[in-house]
Amino acid sequence: MTNDLDRALDVFRGRYGVKAFSFIEGPSPEGGHIKVAFAWAGGQILEIICASGPGFDFYNDMLPDGEFAIRFHHLGFLIEDEAGWKQLERELADGAWPIAYSTLTGEFIDAYYIEAPELGHYLEYVRPFQAGEAFYSAVPVS
């Protein structure tokens, strides 16, 4: 998470050697805007998210007002098949896990963000569909 994507990308390039990013961006149904930079680094995908306006409080609640910041938001876990996704949904229901946010379109990448306050961040479980798999495959590797 960041409140200044260009500045955050300069930090990742200069300090951490991340060479290239791919991007997605768009509006929220409520009228806000989000832009996300993606890069593979050390076998892990980085998501640097900059969101503003209505519909994106979930992403900004850890950022300070009035000063530049980059904050850790979530750990992401890939669920690779339908059986694993169904098992996850059973475990979420059986364990009464608090779902903070979800995107469930069945088209690109479905995701559940689970509250984990004892960790100081969220847990994100994603299930990419064909378009999502193609997107992740095209993300630059640093």
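Everything numeric here is computed off the predicted structure, so don't read it as measured data.

(A) Layout of the side chain of Thr 2. Along the chain, the position of Thr 2 falls in the segment before helix H1 (5–16). If we ignore the near neighbours within four places in the chain, the residues touching Thr 2 are Ala 8, Ile 48, Ile 49, Cys 50, Leu 63, Phe 68, Ala 69 and Ile 70.

(B) Spatial organisation of the nonpolar core. Core analysis: the biggest nonpolar cluster contains 19 residues, and Ile 34, Ile 49, Ala 51 and Tyr 59 have the highest contact counts within it. Where this core is concerned, the elements lending two or more residues are strand E2 (33–41), strand E3 (44–52), helix H2 (57–60), strand E6 (109–116), strand E7 (121–128) and helix H4 (130–138). Setting aside residues up to four positions removed in sequence, Ala 51 forms contacts with His 33, Ile 34, Phe 56, Tyr 59 and Asn 60.

(C) Quick peek at the pattern of salt bridges. All told, the structure shown has four salt bridges when counted by the stated rule. Taking the shortest distance from any N to any O, the salt bridge between Asp 10 and Arg 13 comes out at 3.7 Å. Of this pair, Asp 10 and Arg 13 both sit in helix H1, three residues apart, which is roughly one turn of the helix. Look at Arg 13 and you get partly exposed, because its relative accessible area is 37%. Across the salt bridge formed by Lys 86 and Glu 82, the nearest N and O atoms sit 3.4 Å from each other. Pair noted here: Lys 86 and Glu 82 are both in helix H3 (residues 82–94), with a separation of four residues, about one helical turn. Looking at Lys 86, the relative accessible area reads 45%, which means it is partly exposed.

(D) A look at the side chain of Ser 28. Take Ser 28: it is sitting in the loop between strand E1 (22–27) and E2. Judged by its relative accessible area of 8%, Ser 28 is buried. Among the polar contacts made by the side chain of Ser 28, one reaches the main-chain amide nitrogen of Gly 32 at a distance of 2.8 Å. Non-local contacts of Ser 28, meaning those with residues more than four positions away in its chain, are made with Pro 54, Gly 55 and Phe 56.

(E) Seen up close, H4. Of the positions making up H4, those classed as buried are Gly 132, Phe 135 and Tyr 136. Looking straight down H4, one finds that the buried residues subtend no more than 95 degrees of arc, so they occupy a single side. Residues Gln 130, Ser 137 and Ala 138 are exposed on H4 and point more than 90 degrees away from its buried face. Lining the buried residues of H4 we find E1, E2, E3, E6 and E7.

Here is what the cut-offs are and how they apply
Residues numbered from 1 in each chain as written. Predicted model: local features only at pLDDT ≥ 70, side-chain atom pairs only at ≥ 80, totals over all residues. Heavy atoms only, no water. Helix = DSSP H or I, 4+ residues; strand = E, 2+ residues; numbered from the N terminus. Contact = heavy atoms within 4.5 Å. Core = buried A, V, L, I, M, F, W, Y, C linked by side-chain atoms within 4.5 Å. Buried < 20%, exposed > 50% of the residue type's maximum accessible area, 1.4 Å probe, protein only. Salt bridge = Lys/Arg side-chain N within 4 Å of Asp/Glu carboxyl O. Polar contact = N/O pair within 3.5 Å; in protein donor to acceptor, adjacent residues only side chain to side chain. Arc of directions from axis to C-beta.

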